[in-house]
Amino acid sequence: MTTINILSLNKTYLNQSAPVLKDFSLSTNDGEMVALLGPSGSGKSTLLKLITGIERPDSGDIQFDGSSILNIEPNKRGAVLMFQKSYLFPFLSVEENIGFGLKVQGASSETIRAEVKRMLNLIGLPGIERRKPGQLSGGEGQRVALARALVTNPKLLLLDEPLSSLDTSVRMNLQEAIRTIQREFGVTTIFVTHDLGEAMAMSDRMALLLNGGIVALDKPENLFHRPRSLAAARFMGVSTFLNGDQLPVKCEASLSSEKIFAIRPEHIRIQKEACKDSIQGVVSDCVFRGEYVEYQVAIDEMTVRARMTMPAQMFSHGEQVYVNFQSEKLFEIHW
Ligand code: ADP
Ligand code: MG
């Protein structure tokens, strides 16, 4: 239904010296779910405010299907925003909350009733028309907020960390529900989160926001296995970077001290005995996480982070160990 082009946006808030967004560009395909992942304070919510018209950019353009929306009133842009808290009207019933947008558009009460019913079925909460928001759990409230956002068939759905206040099982449930409903509607969506796992689970593509701009944009699996830049690799949970001449093993790429290689923590093995190509180190930290154990191992002045699933052996702080890189899993990083 809608392609979004965000072109060279710049935004500095009044009384702030540094820009929040700097020459920020991002394009989405029709019907696509793009996750925007960035640390707290990186400007994610600011971007959504610029799209909905709550804030204005200093320069740059935002286009829906090739036409600028900057001079269109916020409530006529066709972008709906859903927040961490559902902000339902507390004194209105679920039906009145969901039907609100249709009522404003002048729809008949029969149409509204039918549409609300359809939306309640879609979000998996049939029959709760009469309830008040205070009688809903956090997860139910977010489902109703989603129904309210989608009932008017918006061009663009913007989700600003909608699941971050929910506990894990409700959250997983809702991730699935949002994904299914988003596909069913085919609505172009930007999903803002600071949670890597959530971004990967939800999105067709992931955009990584750092220092006011997108540092990487790709399918989650590509970013996970082969992030190209140091910044993207760090975002994706990689924290072991080696010069060519620090590598204990020969890998395909020629060994050169100018090249930087990275490896995911699950591709580093820690063991008690030396073996071919292993390097000696000392365990400097060990965190038990149930499904896996995270180790930090100091090797000379370098620290290596490893993640071992189902460890046969546990190693403790200060223990001398040998570190083994799965050489075929090393990949080159471009500075
Ligand atoms: P995020 O959603 O990624 O956490 P925000 O877009 O909310 O980040 O904020 C980005 C930066 O802009 C932060 O440093 C924040 O303090 C600042 N900021 C946000 N809104 C305003 C505002 N209305 N006035 C001044 N500074 C703001
Ligand atoms: Mg935010």
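Residues numbered from 1 in each chain as written. Chains lettered and ligands numbered in written order. Predicted model: local features only at pLDDT ≥ 70, side-chain atom pairs only at ≥ 80, totals over all residues. Heavy atoms only, no water.

**Comments concerning unusual backbone geometry**
Here comes step 1: Even without being glycine, Asp23 reaches a positive phi, approximately 50 degrees.
Here comes step 2: Mapped onto the secondary structure, Asp23 falls in strand S2 (residues 21–28).
Here comes step 3: In the Ramachandran plot, Asp277 falls in the positive-phi region, its phi being about 65 degrees despite a non-glycine side chain.
Here comes step 4: Examined against the element boundaries, Asp277 turns out to sit in the loop between strand S13 (268–271) and strand S14 (279–288). (Helix = DSSP H or I, 4+ residues; strand = E, 2+ residues; numbered from the N terminus.)

**Digging into the side chain of Asp61**
Here comes step 1: Mapped onto the elements, Asp61 comes out in strand S4 (residues 59–64).
Here comes step 2: Despite its burial, Asp61 pairs with no opposite charge, the nearest such side chain being Arg56 at 7.9 Å.
Here comes step 3: Here Ser68 takes part through its side chain, which lies 2.6 Å from a polar atom of the side chain of Asp61.
Here comes step 4: Not counting residues up to four positions away in its chain, the partners in contact with Asp61 are Asn5, Ile6, Leu7, Leu9, Ser68 and Leu70. (Buried < 20%, exposed > 50% of the residue type's maximum accessible area, 1.4 Å probe, protein only. Lys, Arg positive; Asp, Glu negative; His and termini not counted. Salt bridge = Lys/Arg side-chain N within 4 Å of Asp/Glu carboxyl O. Polar contact = N/O pair within 3.5 Å; in protein donor to acceptor, adjacent residues only side chain to side chain. Contact = heavy atoms within 4.5 Å.)

**Overview of the sheet that holds strand S9 (residues 205–210)**
Here comes step 1: Across the sheet, 6 strands lie side by side as S6-S7-S8-S3-S9-S10; this open sheet has mixed pairing. In this open sheet, the two edge strands, each paired with only one partner strand, are strand S6 (79–82) and strand S10 (213–218). Looking at each pair of strands side by side, their axes are set apart by 20 degrees on average, direction ignored.
Here comes step 2: In this structure, strand S3 (residues 33–37) lies alongside S9, joined through 4 bridges in parallel fashion. Within the sheet, the bridge partner assigned to Ala35 lies in S9 and is Met206.
Here comes step 3: Packing against the sheet, helix H4 (residues 138–150) makes contact with S6 and strand S7 (156–160), and its axis sits at approximately 170 degrees to S6. (Pairing = 2+ DSSP bridges. Axes fitted to C-alpha atoms, helices over the stretch in contact; angles between N-to-C directions.)

**Some remarks on the sheet that holds S13**
Here comes step 1: One open sheet accounts for 5 strands, arranged S13-S17-S14-S15-S16; its pairing is antiparallel. Looking at the sheet topology across the chains shown, the edges are occupied by S13 and strand S16 (302–309). This sheet shows a mean twist of 45 degrees between the axes of neighbouring strands, independent of strand direction.
Here comes step 2: As judged from the 8 bridges shared by strand S15 (residues 292–299) and S16, these two strands associate in the antiparallel manner. Paired with Glu294 across the bridge in S16 is Arg307.

**Quick word on the layout of surface pockets**
Here comes step 1: Estimated volume of the largest pocket: approximately 830 Å³.
Here comes step 2: Lining the largest pocket are 26 residues, and of these Asn75, Ala79, Val80, Leu81 and Thr152 sit closest to its centre.
Here comes step 3: Elements supplying a minimum of two residues to the lining of the largest pocket: S6, helix H2 (94–104) and H4.
Here comes step 4: One number sums up the size of the second largest pocket: a volume of about 300 Å³.
Here comes step 5: Along the wall of the second largest pocket there are 16 residues; nearest its centre are Gly237, Ser239, Pro265, Glu294 and Arg307.
Here comes step 6: Mapped onto the lining of the second largest pocket, the elements with two or more residues apiece are helix H6 (196–202), S14, S15 and S16.
Here comes step 7: For the lining of the second largest pocket, a count of residues per class yields 8 nonpolar, 3 polar and 5 charged.
Here comes step 8: In terms of domain composition, the lining of the second largest pocket takes at least three residues from each of domain 1 (4–234) and domain 2 (238–333). (1 Å grid on protein atoms, 1.4 Å probe; cavity = no way out; pocket = protein on both sides within 12 Å on 5 of 7 lines; lining within 4 Å. Points joined across faces, edges and corners; volume = space filled by probe spheres on them. Nonpolar A, V, L, I, M, F, W, Y, C, P; charged D, E, K, R; others polar. Domains from an automatic or database assignment.)

**Details of the domain arrangement of the protein chain**
Put simply, an interface is often sized by how much accessible area is lost when its parts join up.
Here comes step 1: Taken domain by domain, the protein chain consists of domain 1 (4–234) and domain 2 (238–333).
Here comes step 2: Taking the mean C-alpha position of each, domain 1 and domain 2 sit 38 Å from one another.
Here comes step 3: Between domain 1 and domain 2, the contact holds 9 residues from the first and 10 residues from the second.
Here comes step 4: A combined buried area of about 740 Å² lies between domain 1 and domain 2, and 61% of that area is made up of carbon and sulfur atoms.
Here comes step 5: In terms of surface lost to domain 2, no three residues of domain 1 exceed Phe224, Arg226 and Ala233, which account for 51% of the buried area on that side. (Buried area = accessible area lost by both parts, 1.4 Å probe.)

**Points about the site of ligand 1**
Here comes step 1: In the vicinity of ligand 1, the residues found are Tyr13, Gln16, Val20, Pro39, Ser40, Gly41, Ser42, Gly43, Lys44, Ser45 and Thr46.
Here comes step 2: One of the side-chain nitrogen or oxygen atoms of Gln16 is found 3.4 Å away from a nitrogen atom of ligand 1.
Here comes step 3: In this structure, Ser42 approaches ligand 1 through a main-chain N or O atom, which is 3.2 Å from an oxygen atom.
Here comes step 4: For ligand 1, the accessible surface in isolation is 570 Å², of which the surrounding protein chains cover 63%.
Here comes step 5: Counted by class, the shell around ligand 1 contains 3 nonpolar, 7 polar and 1 charged residues. (Near = heavy atom within 4 Å. Areas by Shrake-Rupley, 256 points an atom, 1.4 Å probe, with all protein chains shown as cover.)

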